[in-house]
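Now for the letters of each chain:
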Amino acid sequence: MRLFVEIADLRRALQALAPHVDAQDEMGILNRIRGHATHENLFLMATDRYTAAMAVVSLWDRDGLTGSIADDALEFTAVDAKEILALFRPPKSKDEPDGDLLIETSVGSADARQLVDVSGLFPGKALALPGSAIETRFPNVARIMARPAAPTRTVQSNMAFNGDHLKKFLAAGKAYGHELVFQPVSETSRTMLVACGESFRGMITGVRWPEGESPDFEGWDMQWQMWATEVAAMGPELPHKEDAPAEAEPDWAAALQKWAEDIAQQDDPDPESGD
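All of these numbers come straight from a predicted model, not from anything done at the bench. (Residues numbered from 1 in each chain as written. Predicted model: local features only at pLDDT ≥ 70, side-chain atom pairs only at ≥ 80, totals over all residues. Heavy atoms only, no water.)

Caption draft 1: Quick look at the overall build of the chain. Along the backbone of the chain there are 7 helices and 12 strands. Within the chain, contacts between residues separated by at least 24 positions form 63% of all contacts whose residues are at least 6 apart in sequence. Summed over its atoms, the accessible surface of the chain is roughly 17,000 Å², and 53% of this surface lies on carbon and sulfur atoms. (Helix = DSSP H or I, 4+ residues; strand = E, 2+ residues; numbered from the N terminus. Contact = heavy atoms within 4.5 Å. Areas by Shrake-Rupley, 256 points an atom, 1.4 Å probe, with all protein chains shown as cover.)

Caption draft 2: Main features of the sheet that holds strand β8 (residues 113-117). Here 5 strands make up an open sheet; going across it, the order is β5-β1-β7-β8-β9 and the pairing antiparallel. Each edge of the open sheet carries a strand with a single partner, namely β5 (61-63) and β9 (126-129). Taken over all neighbouring pairs, the strand axes of this sheet differ in orientation by 15° on average, direction set aside. Helix α1 (residues 7-17) contacts β1 (2-6), β7 (100-104) and β8 of the sheet and is inclined by roughly 90° relative to β1. Lying over the sheet, helix α2 (residues 78-87) contacts β8 and β9, oriented at roughly 175° with respect to β9. (Pairing = 2+ DSSP bridges. Axes fitted to C-alpha atoms, helices over the stretch in contact; angles between N-to-C directions.)

Caption draft 3: Layout of the nonpolar core. Ranked by size, the top nonpolar core spans 39 residues in total, and within it L10, L44 and F200 carry the most contacts. Among the elements that take part in this core, α1 stands out by supplying 6 residues, more than any other. Membership of the second largest hydrophobic core comes to 9 residues, among which are A52, M54, F138 and V141. (Core = buried A, V, L, I, M, F, W, Y, C linked by side-chain atoms within 4.5 Å. Buried < 20%, exposed > 50% of the residue type's maximum accessible area, 1.4 Å probe, protein only.)

Caption draft 4: Focus on unusual backbone geometry. Of note in this structure, R49 is not a glycine but carries a positive phi near 85°. Position of R49 relative to the elements: it lies in the loop between β3 (41-47) and β4 (51-58).

Caption draft 5: Structural detail: α2. Along α2, the residues classified as buried are D80, A81, I84 and L85. With its buried residues spanning 130° around the axis, α2 presents them on a single face. The exposed residues of α2 that point more than 90 degrees off its buried face are V79 and K82. Packed against the buried residues of α2 are α1, β2 (32-37), β6 (73-77), β8 and β9. (Arc of directions from axis to C-beta.)

Caption draft 6: Inspection of the pairing of β8 at higher detail. Of all 5 residues making up β8, 4 are buried, and the element is well covered by its neighbours. Where β7 lies against β8, 4 bridges are found, and the strand directions are antiparallel. If you follow E104 over to β8, its bridge partner there is Q114. Both β8 and β9 contribute to a ladder of 4 bridges, which runs antiparallel. Note on β9: the bridge partner recorded for Q114 is A128.

Caption draft 7: Inspection of the packing of aromatic side chains at higher detail. All chains considered together, the criterion is met by 6 aromatic pairs. Measuring from centroid to centroid gives 6.4 Å for F161 and F182, while their planes differ by 40°, and the two rings are tilted. In this pair, F161 is assigned in the loop between α3 (141-145) and α4 (163-166) and F182 in strand β10 (residues 181-184), connecting sequence segments 21 residues apart. Pairing Y176 with F200 gives two aromatic rings, centres 6.3 Å apart and planes at 40°, and the pair type is tilted. With Y176 in helix α5 (residues 170-176) and F200 in strand β12 (residues 200-205), this residue pair connects regions lying 24 residues apart in the sequence. Every member of this aromatic cluster is reached through a ring pair, and the members are F169, Y176 and F200. (Phe/Tyr/Trp six-rings, centres within 6.5 Å; stacked < 30°, edge-to-face > 60°.)

Caption draft 8: Molecular detail of the sheet that holds β2. Spatial ordering of the open sheet is given by β6-β2-β3-β4-β12-β11-β10, a layout of 7 strands whose pairing is antiparallel. Looking at the sheet topology across the chains shown, the edges are occupied by β6 and β10. Sheet twist, expressed as the average angle between the axes of neighbouring strands with direction ignored, equals 20°. Two elements, β10 and strand β11 (residues 191-195), share 4 bridges in a ladder whose sense is antiparallel. Across the sheet, the residue bridging to P184 is M192, located in β11. In the packing of α1 onto the sheet, the strands contacted are β2, β3, β4, β6 and β12, and the crossing angle to β4 comes to about 180°. Against the sheet, α2 touches β2 and β6, its axis set at about 85° to β6.

Caption draft 9: View of the side chain of K168. Considering the arrangement of structural elements, one finds K168 in the loop between α4 and α5. The class for K168 is buried, based on a relative accessible area of 16%.

Caption draft 10: Structural view of a nonpolar patch on the surface. A contiguous nonpolar surface patch, about 420 Å² in accessible area, is contributed by W220, W224 and W227. With respect to the element layout, W227 can be found in helix α6 (residues 217-232). Look at W227 and you get partly exposed, because its relative accessible area is 42%. (Patch = residues over 30% accessible without salt bridge, like charges linked within 9 Å, V, L, I, M, F, W, Y side chains within 5 Å. Salt bridge = Lys/Arg side-chain N within 4 Å of Asp/Glu carboxyl O.)

Honestly, it's all geometry; don't read function into it.
Pasting the structure below:
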């Protein structure tokens, strides 16, 4: 099986998926990034049971596909991904092309895989990876991503996530340069789909407490309202829109932006003066 991809496209996918690989998995099942090739795309996925993620890498050419999603598969370990990212780096200048890569592997076998930079007239850098048999017990991450988001997109109150699980998605935001969009899968589920542009989807499940052991969210809210109100009285008011109704909820993001502009104007009343 020969797959031709853009180096930048593959890099983004590996960077976004790497945090979701369970490198310490004692079963030896989740310590990998699974890939499945179709005629148009290479779908890569990873999960550590607490989070799951899937990324799409476009194929600009391919050869040797069987047409079976199950058979046209390959895998990368966490070490493989690290070596690929270290060797096939983006160009130093934005004016240079990103480059193209050939991924070559034997369908259904544990033979060594090879990645070759085919950007120029002659093959460039190459990386040979040890053989890796396809782990048939790897979970069906694509089935998770196929779930539609809730039609009304409402969110339960007091949704809580483990900080270590949540920060794994920051890599996708950095790799793809898009915001992270959280979408509930149902009105009652604590599972959220995480979108980052058109090429990445993830899943994270909120924290579940035993019955009767949920934190006192209402008590925390009341305490913080008291604390913040006490401290807020010591500082100046944030600016509001002049045409906003008095009873309207303030647009705090706009108010902070206006505050920053006012401060900048005070520091330099005449931006064109050059002083």
